[in-house]
Amino acid sequence: WNGNREKRIPQIRDYKKKNKEVLRIKRKEYRKSFHGRIVRALATSRRKARGKGIVEKFNIIDRRIIIQIFSSQCANCGIHEQVLINNTGNFLIMDHHRPLSSGNARTINNAVPLCPDCNAKKRDKTPEEFYTSEKLDWIKKNLELIEKGE
């Protein structure tokens, strides 16, 4: 790419001009895809955090790690992500364990997967206000695994 940059840029522009409609359809399909929806949700969350003066660097790889640690289930009600997708078309949301409204950025150590219903119920409550003591202990144990790098 670096060696042919001057040559490739006009080729790419020409391709984009000739295939506008095809590229528009592909972008639209990607935005509707599971991956595209997750990427867009993460970008929206980063934009909201920036509005509060907080920099979030949480990405799709961090999301995969969190989902794996929490066994692909909602940290509150326990619904499995695949069941959620099949029944509603929604996916687990990466929620701030400690709320953004308190100035906490979403990091791999401050994110928990919640289904849309539980996420709506949690709003900006602290973990102690929202979860039962048993759930809170389970969440803390999982977040400690992440900190240890296991």
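Structure report, in brief.

Conventions adopted
- Residues numbered from 1 in each chain as written.
- Predicted model: local features only at pLDDT ≥ 70, side-chain atom pairs only at ≥ 80, totals over all residues.
- Heavy atoms only, no water.
- Helix = DSSP H or I, 4+ residues; strand = E, 2+ residues; numbered from the N terminus.
- Rg over C-alpha atoms; globule rule 2.2 N^0.38 Å.
- Areas by Shrake-Rupley, 256 points an atom, 1.4 Å probe, with all protein chains shown as cover.
- Lys, Arg positive; Asp, Glu negative; His and termini not counted.
- Charge placed at Lys NZ, Arg CZ, Asp CG, Glu CD.
- Core = buried A, V, L, I, M, F, W, Y, C linked by side-chain atoms within 4.5 Å.
- Buried < 20%, exposed > 50% of the residue type's maximum accessible area, 1.4 Å probe, protein only.
- Patch = residues over 30% accessible without salt bridge, like charges linked within 9 Å, V, L, I, M, F, W, Y side chains within 5 Å.
- Salt bridge = Lys/Arg side-chain N within 4 Å of Asp/Glu carboxyl O.
- Phe/Tyr/Trp six-rings, centres within 6.5 Å; stacked < 30°, edge-to-face > 60°.
- Lys NZ or Arg CZ within 6 Å of the ring centre and 35° of its normal.

1. With respect to the overall build of the protein
Line of reasoning, step 1. Summing up its helical and strand segments, the protein has eight helices and two strands in all.
Line of reasoning, step 2. Taken over C-alpha atoms, the radius of gyration comes to 19 Å for the protein, far larger than the 15 Å a tight globule of 150 residues would show.
Line of reasoning, step 3. The dimensions of the protein, computed from C-alpha atoms along their principal axes, are 60 × 35 × 30 Å.
Line of reasoning, step 4. Per element, the accessible surface of the protein, about 9900 Å² overall, is 50% carbon and sulfur.
Line of reasoning, step 5. Within the protein, one finds 34 positive and 17 negative side-chain charges whose respective centroids are separated by 11 Å.

2. A short note on the nonpolar core
Line of reasoning, step 1. Counting residues in hydrophobic clusters, the biggest one holds 25 residues, and the most contacted among them are Ile66, Phe70, Val112, Leu114, Tyr131 and Ile139.
Line of reasoning, step 2. Of all the secondary-structure elements, those providing two or more residues to this core are α3 (34-51), α4 (60-69), β2 (111-114) and α8 (133-148).

3. Observations regarding a positive patch on the surface
Line of reasoning, step 1. There is a patch of like positive charges on the surface, built from Arg13, Lys16, Lys17, Lys20, Arg27, Lys28, Arg31, Lys32 and Arg40.
Line of reasoning, step 2. For the positive patch, the elements supplying multiple residues, two or more each, are α1 (5-18) and α2 (20-32).

4. Some words on the packing of aromatic side chains
Line of reasoning, step 1. Enumeration according to the criterion identifies three aromatic pairs in this entry.
Line of reasoning, step 2. Seen in terms of ring centroids, Phe34 and Phe91 are 5.6 Å apart; in terms of plane orientation they differ by 85°. Their pairing is edge-to-face. Of the two residues, Phe34 is situated in helix α3 and Phe91 in the loop between α5 (81-88) and β1 (93-96); the sequence distance between them amounts to 57 residues.
Line of reasoning, step 3. A residue is classified by how much of its surface remains accessible, and Phe34, at 37% relative accessible area, is partly exposed.
Line of reasoning, step 4. An angle of 75° between the planes, with centres 5.0 Å apart, marks the rings of Phe130 and Tyr131 as edge-to-face. In this pair, the class of Phe130 matches that of Tyr131, namely buried.
Line of reasoning, step 5. In this structure, Arg106 packs its charged tip against the face of Phe58, placed 5.5 Å from the ring centre.
Line of reasoning, step 6. The ring of Trp138 carries the charged tip of Lys135 above its face, separated from the ring centre by 5.5 Å.

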